[in-house]
Every structure is written in structure tokens, then in C-alpha cells.
Amino acid sequence: MPSRFPIAHRCGTIAIPFGDHPGMTLQQLRDLVAVITHGGYRAAARALGQSQAGLTKSVAKLEREHGIVLFDRSGLGASLTSEGEQFFRYAQSVLMEAERAEQWLQAPRRRRAASVSLGVSIEPSLRLVPSVLENYRRALPDVTVRMTHGVSSQLVAGVRENRLELAVTLLPADLHAVDLKIDFLYESEPVVAVRKGHPLARAASLSELIDCDWVVVGDPSQPGASDASIRELFDNHSLGRPRIAAVTDSLFGAVATLVASECLARLPRTALEHPLVAGQLVALRLREAPRPYRVALLRKASRPLSREAQTLAAMLSSYARVSRGLSGSTSQQLDGSQH
């Protein structure tokens, strides 16, 4: 299995208490990740310069103390159980945070380059974030904002796995948010878009679109999940299931496809007003208009924000309230029990 995570070996055995269980150590997590990323105990021991017996003992102790089976030992090599696959992602997340903390401690203070990792979905990437960044640069000119563009499922995963400090994205309808802090920003208006000159540019009802092909902006790695908004639109009016021609995680990939084909797509209205798109696509005036969706600022509840990230979060929330005409009482602080 190819390595997907830089494994550090400098920290000692910091114990992480889990209820009544003995403390889990960072070294145990490193040993586990090493076995997985190197494809087995022997290869991991060789790469780390440790004994195979020591690695085996470390992982076995982790399994024994917490009553979990991480590896299926019935076949050849080290294959993960379903629980092992889930725990592997948590282990990666913990080690990534430990690596960040160690790098911060070891870097000379005068040479530390401050940065904020921000995930952005389509609609806020067109209007909200660019407007805020101009003011943010004036307030903190020495801070780099490292932006990741993606669909909501990718950004939520990025926050949960500590790859992103903040994410501005639409709220998925099925989001389980017990581990997230959510600050509602505004509602966004979606439209059904087609290329200018499309034969159905004057369509007035969804019933006229039954035989059309659709382009979905979503996560191509999750078949069936990304087209939920399109399916919902048809299901609400008992029109069967739409035909999905393509799924892309790129807005401009979707736009390019629409401009060159007879496909349709559900896009935020602001996308059609962007200078790079304006004049190429039109919004259908349908009687059955798509329902607005909520855009929110997300962060991990258990992860303290840096001063730079706190400033950016405050500016995003403030700008959204002002630009959308929201009062301070309308902005909602949501936790997992409220969503």
C-alpha cells in the first residue's frame, strides 16, 4: 500500500487517555500507520530500523488493551478489518496534528510563517471569500491563506481530518455534526442552467426536462451521493429519475461541459454572474424552482483555532451578515445537537 502520510519518529510516547483504558501512545499510532503504509510488519520494520517483533508487540498491545481487531491475519500480509480502516483515518489525523505541533515548537519564532488552511465550496468561492480576503490581507499582511476548493463532502472530511482549519460550504442535508462547530452564514439561490441558445432555454417546467442529460458538481468518488439535489428536485414532483451524464468536482469543468453540449446543471445563481461565465449560461425560469440551500462556516469542535484563523472566521461571519442583510440575531451558532 503506498504511503499517504509522513511518519515522524522524534516524539516520545505521549499517552492519550481513553476512559478506563490504559493510555494509548503516539508511538503505537506511528507503528500502526507504518505497518499499513509499508504493506506489512516486515517492510515497516525494515523502513523504520526496528525489529519486526517490536512492531508486532506494539500493535497487538493496542488491540488487546482496547478490545479491537485492526488486522485480518487469516490471509497473506497485513490487511485491515473494517474497524481497522476507520481507526487508521483517526490515527492519521492525530499524527498529523502532532507533527504540526512539533514543527511549530521546533521552528524559530522569528522565522515562523503564519498561515490558515481554508476550504471553500463553489458559491462562497465566487463572492464571499474573495471579498473578505482583500480586507483580511490589509489586517494581517504577513499571513498566507491556503485555500482548498472542493465540494461539501470533501471539505467536511478535510475539517474532520485536520487538513483544514475552516471550511465555508453549503450544509449537506445528512450532515452529522456532533464533532463540528457550525456558523450559519446565508442562504444561496440555486438555478437550473443551460448554455445560451440551448433548445430548452425557454423551458418553464421540469416536465420539459425529463429526457435531458445532467452534469452534477459533486464528489466523483461517491457514486449516487453527489446527484441528491437533482434527484430531490425530480422526486418532489414525481418525475422519475434524471439522467446523470457526468459528475465533476470542478465548477469550471461543469461550465465548459454545459457550454459545449446540451446538458443541464444545477448551479448557484452567482456562478452565472461571475465575469468568467457571464453571457455563456442562462438560468431557466421554472415554476418548480430549486430550494435555496444554507452556506455555513465549519470548524472542528475539538481543535483550537489559531489567532489568524479566529480573525478570518470572524471576518467571514461579519461580511456575510452585512452583505446578506442579516442581523446579529439571525446568525445561528449550531452544534451537533441542533443540526
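These numbers were taken from a predicted model, which means no experiment stands behind them.

K.L.:
Can you help me understand helix H6 (residues 128-139) in this one?
P.N.:
Helical geometry note: an α-helix holds 3.6 residues per turn, so side chains three or four residues apart project in the same direction. Helix length check: H6 (12 residues) gives 17 Å between terminal C-alpha atoms against 16 Å at 1.5 Å per residue, within 8%. Among all positions in H6, only Leu-128, Val-129, Val-132, Leu-133 and Tyr-136 are buried. Projected down its long axis, H6 carries its buried residues within an arc of 110°, all on one side. Next to the buried residues of H6 lie strand S5 (115-120), helix H5 (122-126), strand S6 (144-149), strand S7 (166-170), strand S8 (180-188) and helix H11 (307-323).

K.L.:
Could you clarify how one ought to interpret the packing of helix H2 (residues 41-48) against helix H3 (residues 52-66) in this entry?
P.N.:
The description of two packed helices rests on the angle between their axes and on the distance between the axes. Axis separation between H2 and H3 bottoms out at 8 Å; the angle between their running directions is 115°. As for how H2 packs across H3, the hand of that crossing is right-handed. Together, Tyr-41, Arg-42, Ala-44, Ala-45 and Leu-48 of H2 and Gln-52, Leu-55, Thr-56 and Val-59 of H3 make up the contact between the two elements.

K.L.:
Even after reading the chapter, I still don't get the sheet that holds strand S13 (residues 281-283), so can you show me in this structure?
P.N.:
Sheet architecture is open: 5 strands sit in the order S11-S10-S12-S9-S13, paired in mixed fashion. Two strands lie at the open edges of the sheet, namely strand S11 (243-248) and S13, each paired on one side alone. Averaged over all pairs of adjacent strands, the angle between strand axes in this sheet comes to 35°, irrespective of strand direction. When strand S9 (residues 190-195) meets S13, the two strands line up antiparallel, connected through 3 bridges. Looking at the pairing, Ala-193 lines up with Ala-283 of S13.

K.L.:
How do you make sense of H2 when you look at a structure like this?
P.N.:
For H2, the complete set of buried residues consists of Tyr-41, Ala-44 and Ala-45. What you see down the axis of H2 is that its buried residues fit within an arc of 100°, all on one side. Residues of H2 that are exposed and angled more than 90 degrees away from the buried face: Arg-42 and Arg-46. Along its buried surface, H2 packs onto helix H1 (26-38), H3 and strand S3 (71-72). Where H2 terminates, the next one or two residues include Gly-49, which has phi positive at roughly 70°.

Quick notes on the rules
Residues numbered from 1 in each chain as written. Predicted model: local features only at pLDDT ≥ 70, side-chain atom pairs only at ≥ 80, totals over all residues. Heavy atoms only, no water. Helix = DSSP H or I, 4+ residues; strand = E, 2+ residues; numbered from the N terminus. Expected span 1.5 Å × (residues − 1). Buried < 20%, exposed > 50% of the residue type's maximum accessible area, 1.4 Å probe, protein only. Arc of directions from axis to C-beta. Contact = heavy atoms within 4.5 Å. Axes fitted to C-alpha atoms, helices over the stretch in contact; angles between N-to-C directions. Left-handed = near helix turned anticlockwise from the far one by under 90°. Pairing = 2+ DSSP bridges.

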